[in-house]
Amino acid sequence: MPSKVRRVLRWSFRLVAVSLCALVGAIRLVAPATAGDAAGVRRQLAFLRAAIDGGAATDAQALYPEGYFFMHVLYGLTWVELGMRGKPADRAAPLREARWAFTQLSSPAGRAPFSEGLTPSYGVFYRGWSNWLLGGVLGLQPADRRDPGELRRFVDDSAALGAAFDASASPFLTAYPGQAWPVDSTVAIASLRLHDALLPARYTATVQRWLGGVRDRLDPRTGLMPHRVSAGTGEPAEVARATSQSIIHRFLPDIDPAFARDQYLRFRDQYVVRRLGPAVREYPAGMDGPADVDSGPLPLGVSLSATVVTIGAAQVNHDDALAGALANYGEFAGVPVSTPWTKRYALGLLPVGDAFLAWSKTARPWVAAPPPAPPASITWWWRLPLLLILTVLGTGPWLPALLRHRRRVRPGTGWRAWRPSAPAPTT
């Protein structure tokens, strides 16, 4: 084959590849990418199970103290979410996988980072998330055929949490010795509300007392729950930050819908920004701060982890416009790689990020009715600049070749020569 022909073919392949990439990017910006993508989430879960079996949870533990725990609990919770959407006859696989995840939390590796001497034992982070997952496992089972051992464990763990909250001067229990984060207590209180939805109500007074204590200890700068508090008094020790707020707003609607709506709108107004696409700042507007292991790097103040988790917070708060925008931007910028069996983001380099994303894309309230939609803070048109860029990238490389071809066409030999001649005038 002549070298000139080979060069033409190589450039043609490159042009086609660039155009196809631009087309795929445009599709990812507009195609539904949240709860309607159940097939995509199942493929994510297939990737996650293989990754966990290959040691990804242990690798995540080396990154931050709850890495092993989060890999398993989010995997189990996402299966619960999918099971709730399916028919009762189709819940065998979700129930099996969620149970498996729960057993990993109860293993020595699952409990290793936590202190048994705390109240409740192993701390509010461990007890709250575990109890929420166990409640989800029970919710997948018919009320008259629930596993007696799982039911007894849920009742006992809920009682331990309720007693700890009732005895505490602070609404925020400790997760580690001498350390307390409001987000952990929010998850635990939501698990008590789940208890009262599945079983005879027992914790109404505990929840109301907790809400009163929270309202008395809001961060004065933002009017939101602080990121970190004094372990003894619950007084704010650190400004509200998006890595915890995004999780708080995933659970707060199941605790108190009215309080949740006010808190969510405050969060959205102060933390959601536009950086070509929608994103979430780690610190409130007008304030910058250091990154840490929870937030990850903060380019332009944006936390990628908080942005991912806010997809779920927006869905639970019925903010479908923001949830869809964040999810579409994630599909565009997250470099997803799909096969008929698996799906992973960022080339699968950080599976715990995939776990948070799968969990976020399936979010919905478990206890409360879906709230009314808040006023939209973002419109479909945020996509337009990106779509224009993709259009230029997809068509631009072809323009020089088209212009060269047009110059080579001699008069009378191109398409104009094929136009029907005008009929001759009649006399």
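The rules behind each value
- Residues numbered from 1 in each chain as written.
- Predicted model: local features only at pLDDT ≥ 70, side-chain atom pairs only at ≥ 80, totals over all residues.
- Heavy atoms only, no water.
- Helix = DSSP H or I, 4+ residues; strand = E, 2+ residues; numbered from the N terminus.
- Buried < 20%, exposed > 50% of the residue type's maximum accessible area, 1.4 Å probe, protein only.
- Contact = heavy atoms within 4.5 Å.
- Areas by Shrake-Rupley, 256 points an atom, 1.4 Å probe, with all protein chains shown as cover.
- Core = buried A, V, L, I, M, F, W, Y, C linked by side-chain atoms within 4.5 Å.
- Pairing = 2+ DSSP bridges.
- Arc of directions from axis to C-beta.
- Polar contact = N/O pair within 3.5 Å; in protein donor to acceptor, adjacent residues only side chain to side chain.
- Expected span 1.5 Å × (residues − 1).
- Phe/Tyr/Trp six-rings, centres within 6.5 Å; stacked < 30°, edge-to-face > 60°.
- Axes fitted to C-alpha atoms, helices over the stretch in contact; angles between N-to-C directions.
- Parallel < 35°, antiparallel > 145°, perpendicular 65-115°, else oblique.
- Left-handed = near helix turned anticlockwise from the far one by under 90°.
- Nonpolar A, V, L, I, M, F, W, Y, C, P; charged D, E, K, R; others polar.

## Concerning the overall build of the chain
Line of reasoning, step 1. Across its full length, the chain carries 17 helices and 6 strands.
Line of reasoning, step 2. Here the chain holds 427 residues, and the buried ones make up 50% of them.
Line of reasoning, step 3. Contacts spanning at least 24 positions in sequence make up 70% of the contacts within the chain whose residues lie at least 6 apart.
Line of reasoning, step 4. For the chain, the computed accessible surface area is about 20,000 Å², with 62% contributed by carbon and sulfur atoms.

## A short note on the nonpolar core
Line of reasoning, step 1. Ranked by internal contacts, the top residues of the largest apolar core, which has 77 residues, are Met71, Val73, Trp129, Leu133, Phe165 and Trp210.
Line of reasoning, step 2. Among the elements that make up this core, the one with the highest residue count is helix α4 (residues 67-85) (11 residues).
Line of reasoning, step 3. Sequence-distant contacts of methionine 71, defined by excluding residues within four places in its chain, comprise Leu48, Ile52, Ala56, Ala57, Ala60, Pro351, Val352 and Ala355.
Line of reasoning, step 4. Grouped together as the second largest cluster of nonpolar side chains are 18 residues, Leu224, Ala242, Val272 and Ala327 included.

## A few points about the pairing of strand β3 (residues 272-275)
Line of reasoning, step 1. The sheet contact formed by β3 and strand β4 (residues 277-280) spans 4 bridges and is antiparallel. Looking at β4, one finds that arginine 275 is bridged to glycine 277.
Line of reasoning, step 2. Count of turn residues in the β3/β4 antiparallel hairpin: 1 residue, of which leucine 276 carries a positive phi of about 70°.

## A word on unusual backbone geometry
Line of reasoning, step 1. Put simply, threonine 119 and proline 120 share a cis peptide bond, and its omega is -5°.
Line of reasoning, step 2. Position of proline 120 relative to the elements: it lies in the loop between α6 (108-111) and α7 (123-139).
Line of reasoning, step 3. Of note in the backbone geometry, tyrosine 122 takes a positive phi value of approximately 70° without being a glycine.
Line of reasoning, step 4. Here tyrosine 122 lies in the loop between α6 and α7.
Line of reasoning, step 5. The exposure class assigned to tyrosine 122 is buried, which follows from its relative accessible area of 14%.
Line of reasoning, step 6. The backbone of alanine 346 shows a phi angle near 50°, a positive value even though the residue is not glycine.
Line of reasoning, step 7. Mapped onto the elements, alanine 346 comes out in the loop between β6 (343-344) and α15 (351-361).
Line of reasoning, step 8. With a relative accessible area of 37%, alanine 346 lands in the partly exposed category.

## Side note on helix α3 (residues 56-63)
Residues spaced three or four apart along an α-helix face the same direction, because each turn holds 3.6 residues.
Line of reasoning, step 1. When α3 is considered as a whole, its buried residues turn out to be Ala56, Ala57 and Ala60. For α3, the arc enclosing every buried residue in end-on projection is 95°, short of the 170-degree limit, so these residues lie on one face. Residues Thr58, Asp59 and Ala62 are exposed on α3 and point more than 90 degrees away from its buried face.
Line of reasoning, step 2. For α3, the elements touching its buried residues are α2 (38-53), α4 and α15.

## A short note on the side chain of lysine 343
Line of reasoning, step 1. Relative to the helices and strands, lysine 343 resides in strand β6.
Line of reasoning, step 2. Looking at lysine 343, the relative accessible area reads 6%, which means it is buried.
Line of reasoning, step 3. Only 3.2 Å separates the side chain of lysine 343 from the side chain of tyrosine 345, close enough to count as a polar contact.

## A look at α7
Line of reasoning, step 1. Here α7 contains 17 residues, and its C-alpha end-to-end distance of 24 Å stays within 8% of the 24 Å for a straight helix at 1.5 Å per residue.
Line of reasoning, step 2. Across the 17 residues of α7, 16 count as buried, placing the element largely inside the fold.

## Thoughts on the side chain of aspartate 157
Line of reasoning, step 1. Looking at the secondary structure, you find aspartate 157 in helix α8 (residues 148-167).
Line of reasoning, step 2. Assessed through its relative accessible area of 9%, aspartate 157 is described here as buried.
Line of reasoning, step 3. Those residues within four positions of aspartate 157 in sequence are excluded, and the remaining contacts are Arg127 and Asn131.

## Description of the packing of aromatic side chains
Line of reasoning, step 1. According to the stated counting rule, one finds 21 aromatic pairs in the structure shown.
Line of reasoning, step 2. A ring pair is formed by tyrosine 64 and phenylalanine 70, whose centres lie 6.5 Å apart and whose planes are at 40°; its orientation type is tilted.
Line of reasoning, step 3. Residue phenylalanine 70 is classed as buried on the basis of its relative accessible area, which comes to 6%.
Line of reasoning, step 4. Taken together, a centroid distance of 5.1 Å and an interplanar angle of 75° make the contact between tryptophan 132 and phenylalanine 251 edge-to-face.

## Points about the packing of helix α9 (residues 182-198) against helix α10 (residues 204-215)
Line of reasoning, step 1. Closest axis-to-axis distance for the α9/α10 pair is 10 Å, and the angle between their directions is 150°. Put simply, α9 runs roughly antiparallel to α10. Considering only the axes of α9 and α10, their crossing is left-handed. Seen from α9, the contacting residues are Ser185, Thr186, Ile189, Leu192, Arg193 and Asp196; seen from α10, they are Thr204, Thr206, Val207 and Trp210.
Line of reasoning, step 2. Taken together, the residues that form the contact of α9 with α10 break down as 4 nonpolar, 4 polar and 2 charged.

## Regarding the packing of α3 against α4
Line of reasoning, step 1. Taken N-terminus to C-terminus, the directions of α3 and α4 make an angle of 135°; their axes are 6 Å apart at the nearest point. By the angle between their axes, α3 is oblique relative to α4. For the pair formed by α3 and α4, the contact residues are Ala56, Ala57, Thr58, Ala60 and Gln61 on the first element and Gly67, Tyr68, Phe69, Met71 and His72 on the second.
Line of reasoning, step 2. Of the residues assigned to the contact of α3 with α4, the class counts are 6 nonpolar, 4 polar and no charged.

The values are spatial; any link to function lies outside them.
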